[in-house]
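So you can see what is in the structure, the chains are spelled out below.
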Amino acid sequence: MAGRVEGKVAFITGAARGQGRSHAVRLAQEGADIIAIDVCQPISSNTEIPPSTPDDLAETADLVKAENRRIVTAEADVRDYAAVKAAVDGGVEQLGRLDIIVANAGIGNGGNTLDKTSERDWQDMIDVNLSGVWKTVKAGVPHLLSGGRGGSIVLTSSVGGLKAYPHTGHYIAAKHGVVGLMRSFAVELGQHHIRVNSVHPTNVNTPMFMNEGTMKLFRPDLDNPGPDDMAVVAQLMHVLPVGWVDAVDISNAVLFLASDEARYITGVPLPVDAGSMLK
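Here the residue numbers are simple positions, counted from 1 along each chain's written sequence. Totals for whole chains, interfaces and linings use all residues, but because this is a predicted model, local features are given only for residues with pLDDT of at least 70 and pairs of side-chain atoms are given and counted only at 80 or more. Note: side-chain values were computed over all heavy atoms of the structure, leaving out hydrogens and water.

An unreviewed UniProt entry lists the protein under the name 3-ketoacyl-ACP reductase, with Mycobacterium talmoniae given as the organism. UniProt positions are given in the numbering used here, feature names are shortened, and annotations may be inferred rather than shown by experiment. The UniProt entry for the protein carries this comment under Sequence similarities (unreviewed entry): "Belongs to the short-chain dehydrogenases/reductases (SDR) family."

Next up, the structure:
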């Protein structure tokens, strides 16, 4: 079924690469125009994960344009409400409407137990992965309301938003908080035919997962672990015999929740997890 979000406009954060880029391209393939933002610079003390760049965001724009859809991009930090609001306001001014919000931007760092996590790492994590989600929705909701057509909001959480893992407690706390935001927004906005759901990916083949720090976290017994080494352990997290999923697997879930096929689905935490929640 083509054109599942035909004529709609989607606002996506963290769109320079990884899941955010995949979401932008997938929604564009199904007819949506895109407002895409990303910080495009380092935003935490974690140096294991290379930051996104302006060139990454430009490449996302080219990929969307290749689908014959319009895109408006901006470099904005989801911690900065004024910048996020300016970006979405400008995008709506150019594209004429807003129907979908995908609050995807996030960071990942770990390795310490909670009692040894630094205050800076804690604050960066909460500010981006929880407060940034709230600010994203806060900035976009007025346009959904003024449009009077309802809408769909999808928040990116994690399987770590539904259960705990060691050595990533600040991430776990933030992603659990996203579920609270999702449910609260769902009950507050439902009267306006605005649906709010969350997606909960397991490991995803993106730079945030496929990096030296994560490989060492999974395989501390090896000096220089690679993807194949990590896969042995990562597969144990799942019922299906895979160590991770692809970004498009998450994008397909986002597309479904954004489309009219999910018109009566709201307040749902949807795992895309290869059976991780069964473990």
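Attention now goes to the packing of aromatic side chains. Aromatic pairs are defined between Phe, Tyr and Trp rings, using the six-membered ring for Trp, whenever the two ring centres lie within 6.5 Å; interplanar angles under 30 degrees are classed as stacked, those over 60 as edge-to-face, and all others as tilted. Tallied over the full model, the rule gives two aromatic pairs. Seen in terms of ring centroids, Phe209 and Phe218 are 5.7 Å apart; in terms of plane orientation they differ by 90 degrees. Their pairing is edge-to-face. When sorted by exposure, Phe209 lands in the same class as Phe218, which is buried. Among the aromatic side chains, those forming a connected cluster through ring pairs are Phe209, Phe218 and Trp244. The buried label applies to any residue whose accessible area, calculated with a 1.4 Å probe on protein chains only, is under 20% of its type's maximum; exposed applies above 50%, and partly exposed to all values in between.

Further remarks concern the pairing of strand β1 (residues 9-13). Most of β1 is tucked away: five of the five residues are buried. Per the convention used, a helix needs a DSSP run of H or I reaching at least four residues, while a strand needs a run of E reaching at least two, with both numbered from the N terminus. Because side chains alternate across β1, one face comprises the buried residues Val9, Phe11 and Thr13, and the other comprises Ala10 and Ile12, equally buried. With helix α1 (residues 18-29) bridging β1 and the parallel strand β2 (residues 33-38), this β-α-β connection has right-handed handedness. Two strands form a pair only when DSSP identifies at least two bridges running between them. Pairing analysis gives three bridges linking β1 to strand β4 (residues 100-103), with the strands arranged parallel. Looking at β4, one finds that Ala10 is bridged to Ile100. Here the term right-handed applies to a crossover when the path leading from its first strand over the helix to its second strand runs clockwise, the strands being oriented away from the viewer.

Let's shift gears to the pattern of salt bridges. One side-chain nitrogen of Lys or Arg within 4 Å of one carboxyl oxygen of Asp or Glu is enough to make a salt bridge. Overall, the coordinates contain 15 salt bridges when judged by the stated rule. Arg21 serves as the salt-bridge partner of Glu59, at 3.5 Å between the closest nitrogen and oxygen. Of the two residues, Glu59 is situated in helix α2 (residues 54-65) and Arg21 in helix α1; the sequence distance between them amounts to 38 residues. Looking at Arg21, the relative accessible area reads 16%, which means it is buried. For Arg79, the salt bridge goes to Asp124, with nearest N and O atoms at 3.8 Å. On the criterion of sequence distance, the pair formed by Arg79 in the loop between β3 (71-75) and α3 (81-95) and Asp124 in helix α4 (residues 119-147) is long-range, its members being 45 residues apart. Each of the salt bridges in this network shares a partner with another, and the network as a whole consists of Glu6, Asp33, Arg69 and Arg70.

Let's shift gears to helix α8 (residues 247-258). The α-helix winds at 3.6 residues per turn, so residues separated by three or four positions along the chain end up facing the same way. Helix length check: α8 (12 residues) gives 16 Å between terminal C-alpha atoms against 16 Å at 1.5 Å per residue, within 8%. For α8, the full list of buried residues reads Ala247, Ile250, Ser251, Ala253, Val254, Leu255, Leu257 and Ala258. Any helix carries an expected span of 1.5 Å times its number of residues minus one.

Let us look at the layout of surface pockets. Looking at the second largest pocket, its volume works out to about 330 Å³. Here the term cavity refers to a set of points on a 1 Å grid, laid over the protein atoms alone, in which a 1.4 Å probe fits but cannot get out; the term pocket refers to an open set having protein on both sides within 12 Å along at least five of seven lines, with lining residues being those that place an atom within 4 Å of a point. Surrounding the second largest pocket, 19 residues form its lining, Arg149, Gly151, His193, Arg195 and Arg263 being those nearest its centre. Broken down by secondary-structure element, the contributors of at least two residues to the lining of the second largest pocket are β5 (151-156) and β6 (194-201). Its residues assigned to classes, the lining of the second largest pocket comprises five nonpolar, seven polar and seven charged. Grid points are joined across faces, edges and corners, and a volume is the space filled by probe spheres set on the points. When residues are sorted by character, Ala, Val, Leu, Ile, Met, Phe, Trp, Tyr, Cys and Pro go into the nonpolar class, Asp, Glu, Lys and Arg into the charged class, and all the rest, Gly among them, into the polar class.

Buried residues of nine kinds, namely Ala, Val, Leu, Ile, Met, Phe, Trp, Tyr and Cys, make up a nonpolar core once their side-chain atoms join them within 4.5 Å. Ranked by internal contacts, the top residues of the largest apolar core, which has 40 residues, are Phe11, Leu98, Ile153, Leu155 and Val196. The set of elements that each furnish at least two residues to this core consists of β1, β2, α3, β4, α4, β5, α5 (169-189) and β6. In this structure Leu155 touches Ala103, Val133, Val137, Val178, Leu181, Met182, Asn197, Ser198 and Val199, once residues within four positions along its chain are discounted. Among the nonpolar cores identified, the runner-up in size contains 30 residues, and Ala32, Ala61, Ile250 and Leu257 belong to it. By definition in these notes, contact holds between two residues if any of their heavy atoms fall within 4.5 Å.

What follows covers unusual backbone geometry. Even without being glycine, Cys40 reaches a positive phi, approximately 55 degrees. Inspection of the secondary structure assignment puts Cys40 in the loop between β2 and α2. Of note, His193 is a non-glycine position whose phi angle comes to about 60 degrees, a positive value. Along the chain, His193 falls in the loop between α5 and β6. Owing to a relative accessible area of 66%, His193 belongs among the exposed residues under this scheme.

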